[in-house]
Amino acid sequence: MFISIIIFVPAQFAIDKFSLKKSTMIGEAFILVGAIVRLGLVWGFEFYFVGTMICSVGTVWFTFTINKFVATWFDYKEIALATSIVWVTSLISGPLSTVITGFVLGDDATKG
């Protein structure tokens, strides 16, 4: 919640100033970098924590682009369905990344 308050202004500025594609790519870049940093869990919990913080910045950034994306690409009759599909995929991607990270690291994550 705290990160959403901080990221709200820069994300809205980027969406209005730059194109939707560029602002979406900024959010996705944060998520990608955060996911790579999260794989550092093997070396210590600090990497996982920092990676999660970076991912949350990207997730919040991407969340603000959803409404503009849907309003730009879809007809007004399809906005409800498109918004729900985008939100469901956004909600599934977070837990799915945690599960995939656990499978990639395997037993190495529990060894100290």
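Fair warning: this is a prediction, and the values are worked out from it, not measured in the lab. (Residues numbered from 1 in each chain as written. Predicted model: local features only at pLDDT ≥ 70, side-chain atom pairs only at ≥ 80, totals over all residues. Heavy atoms only, no water.)

Student: Just give me the short version of the packing of helix α3 (residues 45–73) against helix α4 (residues 79–105), but keep the residues and values in it.
Tutor: Interaxial distance between α3 and α4 falls to 10 Å at its minimum, and their mutual angle equals 170 degrees. Put simply, α3 runs roughly antiparallel to α4. Within the contact between the two elements, α3 uses Tyr 48, Phe 62, Thr 63, Ile 66, Phe 69 and Val 70 and α4 uses Ile 79, Ala 82, Thr 83, Val 86, Trp 87, Ser 90 and Thr 98. Grouping the constituent residues of the contact of α3 with α4 by class yields 9 nonpolar, 4 polar and no charged. (Axes fitted to C-alpha atoms, helices over the stretch in contact; angles between N-to-C directions. Helix = DSSP H or I, 4+ residues; strand = E, 2+ residues; numbered from the N terminus. Parallel < 35°, antiparallel > 145°, perpendicular 65-115°, else oblique. Contact = heavy atoms within 4.5 Å. Nonpolar A, V, L, I, M, F, W, Y, C, P; charged D, E, K, R; others polar.)

Student: Give a detailed account of helix α1 (residues 2–17), specifying residues and quantitative values.
Tutor: Relative to the 22 Å expected for 16 residues at 1.5 Å per residue, α1 spans 24 Å between its end C-alpha atoms, a close match to the ideal helical length. The sharpest bend along α1 measures roughly 40 degrees and falls at Phe 8, with the proline Pro 10 sitting one to four residues further on. Ile 3, Ile 7, Ala 11, Ala 14 and Ile 15 are the residues of α1 that are buried. (Expected span 1.5 Å × (residues − 1). Bend = angle between axes of the 7 residues up to and from the residue. Buried < 20%, exposed > 50% of the residue type's maximum accessible area, 1.4 Å probe, protein only.)

Student: A description of the layout of surface pockets should follow, citing residues and the corresponding values.
Tutor: Here the largest pocket defines a volume of roughly 680 Å³. Around the largest pocket sit 29 residues that line it, and Glu 28, Ile 31, Thr 59, Phe 62 and Ser 93 are the ones nearest its centre. Of all the secondary structure elements, the ones that give two or more residues to the lining of the largest pocket are α2 (20–38), α3 and α4. Looking at which element gives the most residues to the lining of the largest pocket, the answer is α4, with 12 residues. The residue inventory of the lining of the largest pocket, partitioned by class, reads 14 nonpolar, 13 polar and 2 charged. (1 Å grid on protein atoms, 1.4 Å probe; cavity = no way out; pocket = protein on both sides within 12 Å on 5 of 7 lines; lining within 4 Å. Points joined across faces, edges and corners; volume = space filled by probe spheres on them.)

Student: Give a description of the environment of Trp 87 that names residues and reports values.
Tutor: Within the secondary structure, Trp 87 is located in helix α4. Spatially, the C-alpha atoms of Trp 87 and Thr 63 are 8.3 Å apart, while their sequence positions differ by 24 residues. The contact partners of Trp 87, leaving out residues within four places of it in the chain, are Thr 63 and Ile 66.

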